[in-house]
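Chain residues, written in single-letter form:
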Amino acid sequence: CAIELGIPNAIHRHGGAASLADLLDTVPVSERRRPYLPRLMRYLSATGILALDPPYSTTTGGEGMYSLTPLSRLLVDDVLVNGCTSLGSFVLSQTTKYGVTAAMHLSEWFKSDDDSAAEMPFRTAHGGMDFWDATRGDQRFNDVFNAGMGSSSKLVLDFVRSVRRHKLSLIDVGGGTGSAARAIARAFPHVKYSVLDLPNVISGIPLDDDDGIVQYISGDMMDYIPPTDAVLLKHVMHDWNDDDCVKILTQCKKAIRSGESSRGKVVVIDTVVGSHEKDMFEAQVSFDMLMMVLTTGKERDEQQWHEIFTNAGFKHYKMKPVLGFLSIIELYPELEI
């Protein structure tokens, strides 16, 4: 609600601090609902999403100045935080009616022996339809989901920066509508950047976004990935079960081996469960619950990743944790003998 009303943006555009009167003049609240906004603001400040000075009390009520916290700064459209754009669209993509309804069927799913709904609670909640069926059948949901997936580009920027001295082609597999890809391609013109995604995703890209800086490829990663120097899988693998992950990596390996570069590799940006930091571990296992509700996939620990890489024919890889609960994994195809 705070994101859709634009409350973090309104505070930012008031110079970083805004009174309740300032917000009532700014955010799109109808005259009839204005008396309810103080209650929402009290909740946002009490939970640490916003700060209030002086703090709420029976004496001050909510009369004070609301400001952003480290968390709500991540929800401002006009600000880059550690290279990341607003994560507001990501929050909206994770709180749709599809996901929330599916989560409410988790206990039912655990108790059910129904084969048609056995894969995930999402099917139980939505009459046998899976997550990807929903994106194909509901254009608004498809748009919200893809906007959420494109809301952060820092990890990809870090990867491209690491290979900035080399000419290369890179395919972002499952890269959505390419919002991150276009920004990266402009920043690093030596990279020939392509996005591969399903037809319903590619067809939803606005014509004015097709400026030629990124090539969009309509296809299925399970069947074929075009030849390239590098393949990027950002937040893709955790959506799929182990067998499907092996299929995806097998296609990646074929694409790299048929490319021209001897430095070809697959870059996986995903979770490696097992952080020693409590907050990071909590985030990792929370996402694992999300994957159990929505998909056939999961968040994996290092041993589980190792088994998938080995089964796909990758003997050489390296992992490094980045940006909290995520890791970058670089896979190198074993050399032909």
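Cut-off values and rules
- Residues numbered from 1 in each chain as written.
- Predicted model: local features only at pLDDT ≥ 70, side-chain atom pairs only at ≥ 80, totals over all residues.
- Heavy atoms only, no water.
- Helix = DSSP H or I, 4+ residues; strand = E, 2+ residues; numbered from the N terminus.
- Areas by Shrake-Rupley, 256 points an atom, 1.4 Å probe, with all protein chains shown as cover.
- Salt bridge = Lys/Arg side-chain N within 4 Å of Asp/Glu carboxyl O.
- Buried < 20%, exposed > 50% of the residue type's maximum accessible area, 1.4 Å probe, protein only.
- Phe/Tyr/Trp six-rings, centres within 6.5 Å; stacked < 30°, edge-to-face > 60°.
- Lys NZ or Arg CZ within 6 Å of the ring centre and 35° of its normal.
- Arc of directions from axis to C-beta.
- Contact = heavy atoms within 4.5 Å.
- Pairing = 2+ DSSP bridges.
- Core = buried A, V, L, I, M, F, W, Y, C linked by side-chain atoms within 4.5 Å.
- Domains from an automatic or database assignment.
- Axes fitted to C-alpha atoms, helices over the stretch in contact; angles between N-to-C directions.
- Right-handed = clockwise from strand over helix to strand, strands pointing away.

1. Observations concerning the overall build of the protein chain
Then comes step 1: Within the protein chain, the secondary structure is distributed over 17 helices and 11 strands.
Then comes step 2: Element-wise, carbon and sulfur atoms account for 54% of the exposed surface of the protein chain, whose accessible area totals about 17,400 Å².

2. Let's talk about the pattern of salt bridges
Then comes step 1: The tally for this structure, following the rule as stated, stands at 9 salt bridges.
Then comes step 2: Residue aspartate 242 pairs with arginine 300 through a salt bridge whose shortest N-O separation is 3.0 Å. Note that aspartate 242 is positioned in helix H15 (residues 242-257) and arginine 300 in strand S9 (residues 300-301), a separation of 58 residues in sequence.
Then comes step 3: Judged by its relative accessible area of 30%, aspartate 242 is partly exposed.
Then comes step 4: Given the relative accessible area of 0%, arginine 300 is considered buried.
Then comes step 5: Put simply, lysine 265 and glutamate 330 hold a salt bridge, and the shortest N to O gap is 3.1 Å. Placement of the pair is lysine 265 in strand S8 (residues 265-273) and glutamate 330 in strand S11 (residues 326-332), with a sequence separation of 65 residues. Each member of the pair, lysine 265 as well as glutamate 330, carries the same accessibility label: buried.

3. A word on unusual backbone geometry
Then comes step 1: Each neighbour pair has its own omega, and for aspartate 53 with proline 54 the value is 0°, a cis peptide bond.
Then comes step 2: Topologically, proline 54 is positioned in the loop between strand S2 (50-53) and strand S3 (65-68).
Then comes step 3: The phi dihedral of histidine 235 is positive, around 55°, even though this residue is not glycine.
Then comes step 4: As for its placement among the helices and strands, histidine 235 is situated in the loop between strand S7 (230-234) and H15.
Then comes step 5: Exposure remark for histidine 235: the relative accessible area of 22% places this residue in the partly exposed category.

4. Focus on the packing of aromatic side chains
Then comes step 1: Under the definition given, this model contains 13 aromatic pairs.
Then comes step 2: Their ring planes at 70° and their centres at 5.2 Å tell us that tryptophan 109 and phenylalanine 110 sit as a pair that is edge-to-face.
Then comes step 3: Tryptophan 109 gets classed as buried once you look at its relative accessible area, which sits at 16%.
Then comes step 4: An aromatic cluster is defined as three or more aromatic residues linked by ring pairs; in this entry it consists of Tyr98, Phe122, Phe131, Trp132, Phe141, Phe145 and Trp240.
Then comes step 5: One residue, lysine 253, lies across the ring of phenylalanine 314, its end atom 5.6 Å from the ring centre.
Then comes step 6: Sitting over the ring of tryptophan 305, arginine 300 keeps its end group 5.5 Å from the ring centre.

5. Focus on helix H4 (residues 37-46)
Then comes step 1: Those residues of H4 lying buried are Leu37, Met41, Leu44 and Ser45. Take H4 and look down its axis: the buried residues cluster within an arc of 95°, on one side only. Along H4, the residues that are exposed and aim more than 90 degrees away from the buried face are Arg39, Tyr43 and Ala46.
Then comes step 2: Where H4 is buried, its residues meet helix H1 (2-5), helix H2 (7-13), helix H3 (20-26), S2 and S3.
Then comes step 3: Positive phi appears at glycine 48, one or two residues downstream of H4, with a value of about 85°.

6. Side note on the pairing of S2
Then comes step 1: Of the two faces of S2, only the one carrying Leu50 and Leu52 is buried; Ala51 and Asp53 on the other face are not.
Then comes step 2: Of the pairings in the sheet, the one linking S2 to S3 comprises 4 bridges and is antiparallel in character. The residue of S3 that forms the bridge with leucine 50 is leucine 68.

7. Overview of the nonpolar core
Then comes step 1: Ranked by internal contacts, the top residues of the largest apolar core, which has 43 residues, are Ile225, Leu233, Leu249 and Val266.
Then comes step 2: Of the residues forming this core, the biggest block, 7 residues, is contributed by H15.
Then comes step 3: The residues that make up this core include at least three from each of domain 2 (93-146) and domain 3 (152-332).
Then comes step 4: The next biggest cluster of nonpolar side chains, apart from the first, holds 20 residues, and it includes Leu170, Ala180, Val191 and Ile202.

8. Side note on the sheet that holds strand S1 (residues 17-19)
Then comes step 1: Judged by pairing direction, the sheet is antiparallel, and its 3 strands sit side by side in the order S1-S3-S2 without closing on themselves. In the strand order of this sheet, the two ends are held by S1 and S2, each with one partner. When the angles between neighbouring strand axes are averaged without regard to direction, this sheet yields 30°.
Then comes step 2: This element, H4, spans S2 and S3 of the sheet and lies at about 105° to S2.

9. Some words on the pairing of strand S4 (residues 168-173)
Then comes step 1: With 6 of its 6 residues buried, S4 lies for the most part within the structure.
Then comes step 2: Side chains of S4 alternate between two faces, with Leu168, Leu170 and Asp172 and Ser169, Ile171 and Val173 buried alike.
Then comes step 3: Of the pairings in the sheet, the one linking S4 to strand S5 (residues 191-197) comprises 6 bridges and is parallel in character. Among the inter-strand pairings, aspartate 172 is bridged to a residue of S5, identified as valine 195.
Then comes step 4: Read from S4 through helix H13 (residues 179-187) to S5, the crossover connection turns out right-handed.

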